[in-house]
Amino acid sequence: AKEGGRNKVFIYSNEMQEKRVATMELANQLHNALNKGEFVLHYQPIMDLKNEVITGLEALIRWQHPQKGLISPVEFIPIAENTGLIHQINLWVLKTACLQKKQWDANSPYPLKLSINFSCKSFEYPDLADEIQKILDQTQTNPAEIQLEITETTFLKNIELGTEIIKKLREKGISIALDDFGTGYSSLTYLINLPIDVVKLDRDFIKYIGERTENEIIVKAVVQLAQALGIKVVAEGIESKEQLYFLKSIGCDECQGYYFSKPYPPYVIEEQIKILSS
Ligand code: C2E
Ligand code: CA
Ligand code: CA
Ligand code: CA
């Protein structure tokens, strides 16, 4: 038994070692991915629930790896956050999406709002608001049509600086959304204390609508609370008609999910915009 135990430990640490090597390799390649132009953006429509028309798009990054194919952000964003590369990536996403938006707006009946995921690491840079302003100037983008999505859990570290930057951004007319709401441990505290415009209800809450009454009660209460505080609510991960009807019935503002559209590359989204805007 003792030897078996030892074997197990050996195999386990070997696996760990392999994983560590793979992560290091990915981290090295990630460093050049930006210069090599290997990142691509897909976009997912955000729908107004009352009229069921598209109001905006969320930019979602993917890594077009020369050998491994399309890599999910779930795999490389955490690595980028640890190596400090994330700030450059965040700014690249903003600029690329702003340029894309210009093209779409030229052909759509009304301007579409752009939602950009901004890793909280970026909120450690005191110049962030100026850096963002520079990109909006360069691309001639209306700040009122930009929304930055931040995730609550990582925000705690430097809440004062983060709040200060958020205030500067909002003064420019940029809206701030709290992403993945409900997955952290102090959600309500954030909702009440951070100066935000939008809350994005995590898919974990949405997926049990129609199955668990408790979830419906929570979703309804959160929507009411947020709206009472003047905060708009976007539901994430809508996959069924039942979920859609429920969210409409409780007055949730917007939603996104596979029910309306998956995230797609720009040339597909162009067609989706036409379908979803009329
Ligand atoms: P997120 O911001 O919460 O994005 C929503 C995720 O849910 C996306 O996964 C989207 O494809 C997926 N999703 C949307 N609708 C549905 C649905 O109906 N059903 C299901 N099952 N999933 C749905 P994705 O694209 O893999 O992105 C994962 C996460 O990676 C994002 O979560 C975000 O935290 C991060 N991320 C993505 N793009 C960027 C980026 O440009 N910058 C930064 N910093 N993070 C990013
Ligand atoms: Ca998001
Ligand atoms: Ca989210
Ligand atoms: Ca998420």
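For the structure itself, look to the data block above.
Rules and cut-offs
Every chain is numbered independently, its residues counted from 1 as its sequence is written. Both sets of labels track the order of writing: A upward for chains, 1 upward for ligands. Where totals are concerned, whole chains, interfaces and linings use all residues; where local detail is concerned, this predicted model gives features only for residues with pLDDT of at least 70, and gives and counts side-chain atom pairs only at 80 or more. Hydrogens and water molecules were not included; the side-chain quantities draw on all heavy atoms of the structure. Helix numbering and strand numbering both begin at the N terminus, where a helix is a DSSP run of H or I of at least 4 residues and a strand a DSSP run of E of at least 2. Exposure is judged per residue with a 1.4 Å probe applied to protein chains only, and the accessible area is read against the type maximum: over 50% gives exposed, under 20% gives buried, and values in between give partly exposed. In what follows, residue pairs with any heavy atoms lying within 4.5 Å of each other are defined as contacts. In these tables, accessible area is a Shrake-Rupley quantity obtained with a 1.4 Å probe, and a residue counts as shielded only by the protein chains included in the view. Note that His is not counted, nor are the chain ends; the positive residues are Lys and Arg, and the negative ones are Asp and Glu. For the purpose of locating charges, the reference atoms are NZ of Lys, CZ of Arg, CG of Asp and CD of Glu. Coordinating donors are taken as N, O and S atoms within 2.8 Å of the metal, stretched to 3.2 Å for Na, K and Ca; because water is absent from the atoms, sites can appear incomplete. Patches here are clusters of residues that have more than 30% relative accessible area and form no salt bridge, with a 9 Å joining cutoff for like charges and a 5 Å cutoff for nonpolar side chains (Val, Leu, Ile, Met, Phe, Trp, Tyr). A pairing counts as a salt bridge when a side-chain nitrogen of Lys or Arg comes within 4 Å of a carboxyl oxygen of Asp or Glu. Two cysteine sulfurs form what is called a disulfide whenever their separation falls within 2.5 Å. If a single non-hydrogen atom of a residue is within 4 Å of a molecule or strand, that residue counts as near it. The definition of a polar contact used here is a pair of N or O atoms within 3.5 Å, where within protein one atom must be able to donate a hydrogen and the other to accept one, and adjacent residues in sequence count solely through side-chain atom pairs. Every definition here rests on a 1 Å grid over the protein atoms only: cavities are sets of points where a 1.4 Å probe fits but cannot get out, pockets are open sets enclosed by protein on both sides within 12 Å along at least five of seven lines, and lining residues have some atom within 4 Å of a point. Think of it this way: a molecule belongs to a cavity or pocket when more than half its atoms come within 2 Å of the grid points there. Grid points are joined across faces, edges and corners, and a volume is the space filled by probe spheres set on the points. Nonpolar residues are Ala, Val, Leu, Ile, Met, Phe, Trp, Tyr, Cys and Pro. Charged residues are Asp, Glu, Lys and Arg, and all others, Gly as well, are polar.

Quick look at the overall build of the chain now. Per the secondary structure count, the chain includes ten helices and nine strands. C-alpha atoms of the chain, sized along the principal axes, occupy 65 × 50 × 40 Å. Put simply, the chain has 278 residues, and 47% of those count as buried. Restricting the contact set of the chain to residue pairs at least 6 apart, pairs at least 24 apart contribute 67%. Carbon and sulfur atoms provide 52% of the accessible area of the chain, an area that totals close to 14,500 Å². Averaging the positions of the 30 positive and the 37 negative side-chain charges in the chain gives two centres separated by 2 Å.

On to the coordination of the calcium ion (ligand 2), then. Think of it this way: four donors in a tetrahedron around the metal ideally sit 109.5 degrees apart, and six in an octahedron ideally sit 90 or 180 degrees apart. Within the first shell, the calcium ion (ligand 2) binds the protein through E58 (OE), N117 (OD1), E149 (OE) and D179 (OD), at distances of 2.1 to 2.3 Å. Spacing between the donor residues of the calcium ion (ligand 2) along their common chain follows E-x58-N-x31-E-x29-D. For D179, a relative accessible area of 6% corresponds to the buried category.

The next point concerns a nonpolar patch on the surface. The grouping of L188, I192, L225 and L229 at the surface amounts to a nonpolar patch, some 360 Å² of accessible area in total. Locating I192 in the fold gives a position in helix α6 (residues 187–193).

It is worth spelling out the state of the cysteines at this point. Covalent bonding between the sulfur atoms of two cysteines is what defines a disulfide. Counting across every chain of the model gives zero disulfides. With no disulfide of its own, C120 lies 19 Å from the sulfur of C98, the closest cysteine sulfur. Looking at the unpaired C255, the closest cysteine sulfur is the one in C252, lying at 7.2 Å.

On to the site of ligand 1, then. Among the 23 residues in the neighbourhood of ligand 1, the closest are listed as I61, R62, D179, E239 and Y258. At a separation of 3.0 Å, a nitrogen atom of ligand 1 approaches a polar side-chain atom of Q44. One of the side-chain N or O atoms of E58 is found 3.3 Å from an oxygen atom in ligand 1. Burial of ligand 1 by the surrounding chains reaches 82%, relative to a free accessible area of 800 Å². Cavity membership is defined here by more than half of the atoms lying within 2 Å of grid points; on that basis ligand 1 lies in the largest pocket. Among the elements of the structure, β2 (53–65), α2 (73–83), α3 (86–107) and β6 (175–181) are those that each provide at least two residues to the shell around ligand 1. Looking at the shell around ligand 1, the element that brings in the most residues is β2, giving four residues.

A few words now on the coordination of the calcium ion (ligand 4). Surrounding the calcium ion (ligand 4) are the protein donor atoms D180 (OD) and D180 (OD), at 2.8 to 3.1 Å. Between the calcium ion (ligand 4) and the calcium ion (ligand 3), a spacing of 3.6 Å is present, and a bridge between the two is formed by D180. For D180, the position within the fold is in strand β6.

This part is about the layout of surface pockets. Reported here for the largest pocket is a volume of approximately 1,200 Å³. In terms of lining, the largest pocket is formed by 38 residues, of which the most central are E58, L60, N117, D179 and D180. Elements that contribute at least two residues to the lining of the largest pocket include exactly β2, α2, α3, β5 (146–151), β6 and α7 (203–206). Residues that form the lining of the largest pocket fall into these classes: 15 nonpolar, twelve polar and eleven charged.

Below, the discussion takes up the pattern of salt bridges. Oppositely charged side chains can pair when the atoms bearing their charge come close. Tallying each qualifying case throughout the model produces ten salt bridges. Note that E145 and K101 form a salt bridge whose closest N and O atoms lie 2.8 Å from each other. One end of the pair, E145, is in the loop between α4 (128–138) and β5; the other, K101, is in helix α3, with 44 residues separating them in the sequence. There is no split in this pair, since E145 and K101 are both buried.

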